[in-house]
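Here's the letter readout for the chains.
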Amino acid sequence: MTKERSSFTGRIGFVLAAAGSAVGLGNLWRFPYLAAKYGGGIFLLVYIILAVTFGFALMVTEIAIGRKTGLSCIGAYKKLDKRFGFLGWLAGIVPVIIVPYYCVIGGWVIKYFAEFVSGNGSAVAADSENFFGNFIGMQGGLFDNPMLWFVLFVLLTAAVVIFGVEKGIEKVSKIMMPALVILCIVVAGFALTTDGALQGLKYYLLPDFSKFSSSTVLGALGQLFYSMSLAMGIMITYGSYMKKEDSIEKSVHQIEIFDTAVALLAGLMIIPAVVAFNGGDPSKINAGPGLMFVTLPRVFESMPFGNVIGTLFFILVFFAALTSSISLMETVVSMVQDKLHWGRKLTTVVVTVGILLIGSLSVFGYGPLADFKILGMQMLDFFDFISNSVLMPIGAFITCILVGHVVGTKVIAEEVGLNGKFAGEKMHRVMIRWIAPIFLVAILAAQVLTAAGIITI
Ligand code: PFF
């Protein structure tokens, strides 16, 4: 036991743990539908540019803050500067908003797994759009009710957190994660052989600059935060567990490469296929949160052993989602615990009830509350928007001000430089001090002005 555990300590252990949190529904479910929605290749290009510049700088910063202070986010920001304690709260609120709707999608994944494992894959594929619409629209009986699957996903997450068996789950997911990557490669390869997939591949890979807008950038930025678990205090906590002798810079490169590769692969699996199914016309894609669930059953259907592949796929996605929802829930539980000094079990139960209540809004948002919209969005989209496109950019902006202009990027550079030269130091300094904050203000302002109808970008 001890031996096994020690083999996962050190830098590789750190990278695997952080990558386990980072790779989840964000890569598999969220990235493909955003890429399809925001113009394909142009979104991809903007995303990659942001990942290697801004994503790199912010992840290095967060991990270094965590390792330097040895604290999780609320304490860590306070320790850097007393006046910035509120930033910890701002970051800490984000998982509170995300985890309920994350579990709603997790529930959809279990439902699709149940359909495929019971041999129903072909029936789902035959009318995949209506099947999905009726399912989330709460049109069917008990087993077709998304509320049931949502509650199941929440309870599974809570059970792991309450019984403290995260280590066991992590071990399983270390086998599941590579298996998922291999399966995605196989499915993507297959999807690309569909008639008309080439048009979709072009749409996905070749940037069309006429589709560029401030929404593309904000969409890509929010996705970057979400996918790499940034601007929500998570990487600070991970950093606080990292050893001083391990290289932060190398670890960040590896986490980023892995996370981005899985997202790109998921896009490759879904976008060319959906364009092919639409007769080769990318403008006809109806890209929303249902994209993965509507498209993939049809891809599986066209493959030999489609039911088996579909079953395997959804169970692997389920594990990726579970490891992520566990780390999200853990964050919320430990925040509440620190503040209220309750026991761990009681806190987890209370947090679980809260997740069930808030998540129900997202479930009903597609059913009886479908006509109730906030800023023209359904509930799930609204929660997603408020966390990714509003709170995270604001949190990231304040972090840049704190690190770039109050405590100074030197503090971060010293921490990163503890094990050798910090190769990206110059870029880090310029990014955090100037480019990132100016860019964040510009993009938020552009969005607000666009929403108010004052400008069009
Ligand atoms: N990065 C995860 C994903 O892409 O699905 C989402 C997430 C999970 C963020 C867990 C933060 C976290 F702690």
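Scope of this entry: the structure provided in the associated data block. (Residues numbered from 1 in each chain as written. Predicted model: local features only at pLDDT ≥ 70, side-chain atom pairs only at ≥ 80, totals over all residues. Heavy atoms only, no water.)

Observations concerning the site of the ligand
Let me state the cut-off plainly: Throughout, the term near means that a residue has one or more heavy atoms lying within 4 Å of the molecule or strand in question. Within 3.5 Å is the distance limit for a polar contact, defined as a pair of N or O atoms, with the added protein rule that one can donate a hydrogen and the other accept it, and that residues adjacent in sequence qualify only through two side-chain atoms. Residue exposure ignores everything except the shown protein chains as possible cover, and the areas themselves are Shrake-Rupley values with a 1.4 Å probe. The way it works is a 1 Å grid over only the protein atoms, where trapped points that fit a 1.4 Å probe form a cavity and open points with protein on both sides within 12 Å along at least five of seven lines form a pocket, and then any residue with an atom within 4 Å of a point lines it. Any molecule with more than half of its atoms within 2 Å of a cavity's or pocket's grid points is counted as sitting in it. In DSSP terms, a helix is any run of H or I states spanning at least four residues, a strand is any run of E spanning at least two, and both are numbered starting from the N terminus. The nonpolar class holds Ala, Val, Leu, Ile, Met, Phe, Trp, Tyr, Cys and Pro. Asp, Glu, Lys and Arg form the charged class, and all remaining residues, Gly among them, are polar.
Close contacts around the ligand come from 15 residues, with Ala22, Gly26, Tyr102, Tyr226 and Ile234 the closest. One nitrogen or oxygen atom from the main chain of Ser227 is found 3.0 Å from a nitrogen atom belonging to the ligand. Notes on the ligand: free accessible area 340 Å², of which the protein chains cover 100%. Structurally, the ligand is housed in the largest cavity. The set of elements that each furnish at least two residues to the shell around the ligand consists of helix 2 (10–22), helix 3 (25–37), helix 12 (214–227) and helix 16 (306–340). Split into classes, the residues belonging to the shell around the ligand amount to seven nonpolar, eight polar and no charged.

Points about a nonpolar patch on the surface
Operational definition: Patch membership is restricted to residues that have no salt bridge and whose relative accessible area is over 30%. Joining uses 9 Å for like charges and 5 Å for the nonpolar side chains Val, Leu, Ile, Met, Phe, Trp and Tyr. In what follows, salt bridge is the name for a side-chain nitrogen of Lys or Arg lying within 4 Å of a carboxyl oxygen of Asp or Glu.
Together, Val349, Val353, Leu357, Ile358 and Leu361 line one region of the surface with nonpolar side chains, adding up to about 400 Å² of accessible area. Mapping Leu361 onto the fold places it in helix 17 (residues 344–364).

With respect to the packing of helix 4 (residues 41–69) against helix 12
Stated precisely, the cut-off is as follows: The axes are straight lines fitted to the C-alpha atoms, using for helices just the contacting stretch, and the angles between their N-to-C directions are given from 0 to 180°. Oblique is the label for every angle not falling under 35 degrees (roughly parallel), over 145 degrees (roughly antiparallel), or within 65 to 115 degrees (roughly perpendicular). The handedness criterion is simple: a crossing whose near helix is rotated anticlockwise from the far helix by less than a right angle is left-handed, and one whose near helix is rotated clockwise is right-handed. Contacts between residues were defined by any pair of non-hydrogen atoms, one from each residue, lying within 4.5 Å.
Contact pair helix 4 / helix 12: the axes reach a minimum separation of 9 Å and the direction vectors enclose 50°. With respect to helix 12, the element helix 4 is oriented oblique. Once helix 4 is placed against helix 12, the crossing between them reads as right-handed. Each of Ile42, Phe43, Val46, Tyr47, Leu50, Ala51, Phe54, Gly55 and Leu58 in helix 4 lies in contact with helix 12, whose residues at this interface are Thr216, Val217, Gly219, Ala220, Leu221, Gln223, Leu224, Phe225 and Ser227. Each residue belonging to the contact of helix 4 with helix 12 can be placed in one class, and the counts come to 13 nonpolar, five polar and no charged.

Topic: the layout of surface pockets
To keep it simple, the criterion reads: Grid points are joined across faces, edges and corners, and a volume is the space filled by probe spheres set on the points.
In this structure, the largest pocket encloses a volume near 1,500 Å³. Those elements that place two or more of their residues in the lining of the largest pocket are helix 1 (2–7), helix 2, helix 5 (73–80), helix 10 (166–191), helix 13 (234–240), helix 14 (248–277) and helix 16. Of all the elements, helix 10 adds the most residues to the lining of the largest pocket, at ten residues. Its residues assigned to classes, the lining of the largest pocket shows 21 nonpolar, 16 polar and 13 charged.

Here's the deal with helix 17
Quick note on the threshold: Expected span, for any helix, means 1.5 Å times one less than how many residues it has.
Helix length check: helix 17, at 21 residues, gives a terminal C-alpha distance of 30 Å against a target of 30 Å (1.5 Å per residue), a fit within 8%. Where helix 17 is buried, its residues contact helix 6 (85–117), helix 8 (128–136), helix 9 (146–163), helix 16 and helix 18 (379–407).

Looking at empty space enclosed by the protein
By rolling a water-sized probe across the atoms, one finds the places where empty space is left. Scanning the model with the defined rule gives two cavities of 30 Å³ or more in all. When its volume is computed, the largest cavity comes out at roughly 130 Å³. Elements represented by at least two residues in the lining of the largest cavity include exactly helix 2, helix 6, helix 12 and helix 16. In terms of residue count, helix 16 provides more of the lining of the largest cavity than any other element does, three residues in total. Class assignment of the residues belonging to the lining of the largest cavity gives a composition of seven nonpolar, six polar and no charged. Within this model, the second largest cavity holds a volume of roughly 40 Å³. Surrounding the second largest cavity, Tyr77, Leu90, Ala91, Val94, Ala231, Leu391, Met392, Gly395, Ala396 and Thr399 form its lining. When contributions to the lining of the second largest cavity are tallied by element, the ones reaching two or more residues are helix 6 and helix 18. No other element matches the five residues that helix 18 contributes to the lining of the second largest cavity. A breakdown of the residues in the lining of the second largest cavity according to their chemical character gives eight nonpolar, two polar and no charged.

Points about helix 3
Because each turn of an α-helix spans 3.6 residues, side chains separated by three or four positions in sequence point in the same direction. Keep this limit in mind: Bend, at a single residue, is the angle you get between axes fitted to the 7 residues ending at that residue and the 7 residues starting at it. Burial classes: relative accessible area under 20% of the type maximum marks a residue as buried, over 50% as exposed, and values in between as partly exposed (1.4 Å probe, protein chains only).
For helix 3, spanning 13 residues, the distance from its first C-alpha to its last is 17 Å, which sits close to the expected 18 Å at 1.5 Å a residue. For helix 3, the principal kink sits at Phe31 and spans about 35°; a proline, Pro32, occurs within the next four residues. Judged by how many residues are buried, helix 3 sits mostly within the fold: twelve of 13 residues are covered. Looking one or two residues beyond helix 3, the residue adopting positive phi is Gly39, at roughly 100°.

That is the geometry; function is a separate question.
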